[in-house]
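Here is what each chain is made of, one letter per residue.
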Amino acid sequence: MIIAKPKPVAKLVEFTEKFDKILLVGCGGCASVCAAGGEKEAAELAVALRHWRQKQGSALAVSTAIITRQCDAQYLDSIAKQVTRVDAVISLACGVGVQFLAECYAGKPVLPGLNTVLAGGAVQAGLWEERCGLCGNCMLHQTGGICPVSRCAKSIQNGPCGGSQHGKCEINPQMPCAWHLIYEKLLATNRLDLMMQYRSPKDWSKEHSVGAKPVRKKVLP
Amino acid sequence: MIRSSSKLEQVLNQARFAVTVEIGPPKHSSATGIIKLAEVLKDYVDAANITDNQTANVRLSSIAAGVHLHQAGLEPVIQITCRDRNRIAMQSDLLGAYSLGIRNVLCLSGDHQKFGNHPQAKGVYDLDSIQLVDMVRNLRDKQVFQCGEKIKQHAPRYFIGAVANPFADPFEFRVLRLEKKINAGADFIQTQCIFDMQRFEKFMQMVRQRGLHKKVPILAGVNPLKSARAAEFMQKRVAGMIVPDEIVERIRQAADPKAAGIKLCVAQIEHLKKIEGVAGVHIMAIDWEEIVPEIVERAGIKPGNYPAW
């Protein structure tokens, strides 16, 4: 799942200062699950933005809506009427949702209400961790099911580096060293041969950051 | 077998106890200081490592500094980290450095950008340190770029160094990782600064069990402590170090901390000379490089006065 964090309210105040009527659009997908951009967060943000404008001695009309998934074009029509009545839209979805909305309502400013941070999952209530680096070339079969691309601070392929001590990463004593975890897993499963295996330089051209790549799959009519 | 035209390789090949030193280039654009340092050091060491933006702080480039040292008569070992350059830039720099007379390279992952003066920089880490070693070896032995394209002429022939940190974890994997580096093409090894001699002895015992000391010369890292503050910094702030409390305490209690630091370093070198498989020492006296001649003299390891290893 995509994990996102709300932008600071002050930032959204800055985004909306030239508008009188805005629509906050929550997303029922990942953004709801990670408690960043669901119905509840949209309602709370609406109150905060109205209150802020009130303190300035004027009024900001804030309405809210929720879309099942903003990254899916078939759901976007549901807010068409509400969009016509406002000056700008704030999307509380990940960067994908913001762009789908901006494309669908091309004449309207669509602004991001969240910062999209990682692909991961909840490891405990209220705590999400990165688990995938979107490298396009999964190597989890070699690393005991632990991803060094997203979980090693240097994304190295032949770790652990010399900064790993007491099972923790050199950059943060709270953060487990991914390669230490990999070592222990492979040791426990009698696969230390995989630790000794030299992994040649990774093909980063499969990675997410190398231009917008399409993924195609045959769809039955 | 001689692989390069490095003088350090010749020294190590003759099984002479080698001395290398570490020099941190300045945070400005004048080489006057390091050239002076080269004059002071050149008769006392076999080669000098030039750090590559150590602890992720911007400094004069290791290659440029290496050229200055080379011209001043001190053989440079340029360090290359994986933090700031991708495989294209690294290979380009390796060609360029070779064309300027540089013959030794030390391959490292590099301190994470978080530690330096530009923590917001994007870390590159296109390759890791072992892949870098492999790439430099292939430039030399197979005359191919990393992509496999043939280098038609003038392939760079480096003497390739790698590092080992006996003080990182998991301890029992450190010797195996060293072996991975040797298999990838490392010609010599320099270790992290040694303060915990017991742990290093254990590490070397495992090295000997696997016969790795016969495959590559290993230079043991030492660091003369200048003050109690420096000792504490090493103990608490430097990633991947172990400094026993008793050492920090010894420097702290000393009437003359500098003299105590030198004495300790000399004693460490005396000890290291006796460990089978230690082919030399690498003295890391960052910001205190001028003390190296005294340490070398007192430890009896001045080039030309080598014990065999």
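The rules behind the values
Residues numbered from 1 in each chain as written. Chains lettered and ligands numbered in written order. Predicted model: local features only at pLDDT ≥ 70, side-chain atom pairs only at ≥ 80, totals over all residues. Heavy atoms only, no water. Core = buried A, V, L, I, M, F, W, Y, C linked by side-chain atoms within 4.5 Å. Buried < 20%, exposed > 50% of the residue type's maximum accessible area, 1.4 Å probe, protein only. Contact = heavy atoms within 4.5 Å. Phe/Tyr/Trp six-rings, centres within 6.5 Å; stacked < 30°, edge-to-face > 60°. Helix = DSSP H or I, 4+ residues; strand = E, 2+ residues; numbered from the N terminus. Buried area = accessible area lost by both parts, 1.4 Å probe. Salt bridge = Lys/Arg side-chain N within 4 Å of Asp/Glu carboxyl O. Polar contact = N/O pair within 3.5 Å; in protein donor to acceptor, adjacent residues only side chain to side chain. Disulfide = S-S within 2.5 Å. Axes fitted to C-alpha atoms, helices over the stretch in contact; angles between N-to-C directions. Parallel < 35°, antiparallel > 145°, perpendicular 65-115°, else oblique. Left-handed = near helix turned anticlockwise from the far one by under 90°. Nonpolar A, V, L, I, M, F, W, Y, C, P; charged D, E, K, R; others polar. Pairing = 2+ DSSP bridges. Domains from an automatic or database assignment. Expected span 1.5 Å × (residues − 1).

This brings us to the nonpolar core. Ranked by size, the top nonpolar core spans 82 residues in total, and within it Y158, L178, F200, F203, I269, L272 and I283 of chain B carry the most contacts. For Y158 of chain B, the residues in contact, after removing those within four places along its chain, are S4, L94, A97, Y98, I102, R103, N104, V105, V136, R140 and D187 of chain B.

What follows is about the packing of aromatic side chains. All names here are of chain B. This model, assessed by the stated rule, comprises 4 aromatic pairs over all chains. Seen in terms of ring centroids, Y98 and Y158 are 5.3 Å apart; in terms of plane orientation they differ by 80 degrees. Their pairing is edge-to-face. Of this pair, Y98 sits in helix α4 (residues 87-99) while Y158 sits in the loop between α5 (129-142) and β5 (159-164), and the two are 60 residues apart along the sequence. Judged on exposure class, the residue Y98 and its partner Y158 are both buried. Ring geometry for F159 versus F188: centroids 4.9 Å apart, planes at 20 degrees, classification stacked.

Across the boundary between the two partners, chain A contributes 25 residues, which contact 31 residues of chain B. When chain A packs against chain B, the two sides together hide about 2,500 Å² of surface, and 55% of this comes from carbon and sulfur. The largest per-residue losses of area from chain A upon contact with chain B belong to K154, Q165 and M196 of chain A, which jointly make up 24% of the total buried on that side. Our enumeration of links across chain A and chain B arrives at 0 salt bridges. In this structure, the connection of chain A to chain B is made through 24 residue pairs in polar contact (both at pLDDT 80 or more). Of all the secondary-structure elements, those providing two or more residues to the side of chain A that touches chain B are α7 (178-188) and α8 (193-196) of chain A.

All names here are of chain A. One pass over the structure, following the stated rule, counts 0 disulfides over all chains. No disulfide involves C104; its nearest neighbouring cysteine sulfur is the one of C71, lying 13 Å away. This cysteine, C138, is not joined by any disulfide, and C135 carries the nearest cysteine sulfur, 6.4 Å off. A relative accessible area of 54% means that C138 is categorised as exposed.

Moving on: the side chain of N223 of chain B. All names here are of chain B. By secondary structure assignment, the location of N223 is in the loop between β7 (218-222) and α9 (228-236). Looking at N223, its side chain comes within polar contact range of the main-chain oxygen of M284, at 2.8 Å. Apart from residues lying up to four places away in sequence, N223 is in contact with C193, F195, M234, C265 and M284.

This part takes up the pattern of salt bridges. Residue and element names in this part refer to chain B. On inspection of all chains with the given rule, the structure shows 25 salt bridges over all chains. Note that D141 and R140 form a salt bridge whose closest N and O atoms lie 2.7 Å from each other. The partly exposed category is assigned to D141, whose relative accessible area is 43%. The class of R140 is buried, set by a relative accessible area of 1%. Two residues, D169 and R199, come together in a salt bridge whose shortest N-O distance is 3.3 Å. Residue D169 is located in the loop between β5 and α6 (171-184), and its partner R199 is located in helix α7 (residues 197-209); the two are separated by 30 residues in the primary sequence. Linked by salt bridges that have partners in common, R3, R140, D141 and D187 make up one network.

The subject of this paragraph is the packing of α6 of chain B against α7 of chain B. All names here are of chain B. Axis separation between α6 and α7 bottoms out at 10 Å; the angle between their running directions is 45 degrees. As the angle between them shows, α6 and α7 are arranged oblique. α7 is crossed by α6, and the crossing has right-handed handedness. Only R199, K202, F203, M206 and V207 of α7 make contact with α6, whose side of the interface consists of F171, E172, R174, V175 and L178. Taken together, the residues of the contact of α6 with α7 sort by class into 6 nonpolar, no polar and 4 charged.

Here we take up the sheet that holds strand β8 (residues 278-283) of chain B. Two modes of strand pairing occur in sheets, parallel and antiparallel, and in both the strands are linked by backbone hydrogen bonds. Residue and element names in this part refer to chain B. Judged by pairing direction, the barrel is parallel, and its 8 strands sit side by side in the order β1-β2-β3-β4-β5-β6-β7-β8 before closing back on the first. Looking at each pair of strands side by side, their axes are set apart by 30 degrees on average, direction ignored. Relative to β7, strand β6 (residues 188-193) is paired through 3 bridges, and the arrangement is parallel. Across the sheet, Q190 pairs through a bridge with L219, a residue of β7.

You can read the domains of chain A as domain 1 (2-118) and domain 2 (133-199). Averaged C-alpha coordinates put domain 1 of chain A and domain 2 of chain A at centres separated by 38 Å.

This next bit is on the side chain of S155 of chain A. All names here are of chain A. Note that S155 resides in the loop between α6 (148-151) and β8 (168-169). Exposure remark for S155: the relative accessible area of 19% places this residue in the buried category. Apart from residues no more than four positions distant in its own chain, S155 is found in contact with P148, V149 and W204.

Turning our attention to the environment of I218 of chain B. All names here are of chain B. Position of I218 relative to the elements: it lies in strand β7. In this structure I218 comes out as buried when scored by relative accessible area, which is 0%. With 55 residues separating them in the primary sequence, I218 and V163 have C-alpha atoms 9.2 Å apart. Apart from the residues lying within four places of it in its own chain, the contact partners of I218 are L178, I189, T191, M204, V207, H213, G277, V278, A279 and G280.

A word on the pairing of strand β6 (residues 114-124) of chain A. All names here are of chain A. Both strand β1 (residues 2-6) and β6 contribute to a ladder of 5 bridges, which runs antiparallel. Bridged to I2 within β6 is A119. Pairing analysis gives 5 bridges linking β6 to strand β7 (residues 127-132), with the strands arranged antiparallel. Following the sheet pairing, A122 is matched in β7 by W128.

On to α5 of chain B. All names here are of chain B. Spanning 14 residues, α5 covers 19 Å between terminal C-alpha atoms, matching the ideal 20 Å at 1.5 Å per step. Across the 14 residues of α5, 11 count as buried, placing the element largely inside the fold. Taken as a whole, α5 has its buried residues at S129, I130, Q131, L132, V133, D134, M135, V136, N138, L139 and R140. Looking at the packing, one finds that the buried side of α5 touches β3 (76-81), α4, β4 (104-108), β5 and α6. Two or three places before I130, at the opening of α5, D128 has a side-chain oxygen 3.1 Å from that residue's backbone nitrogen.

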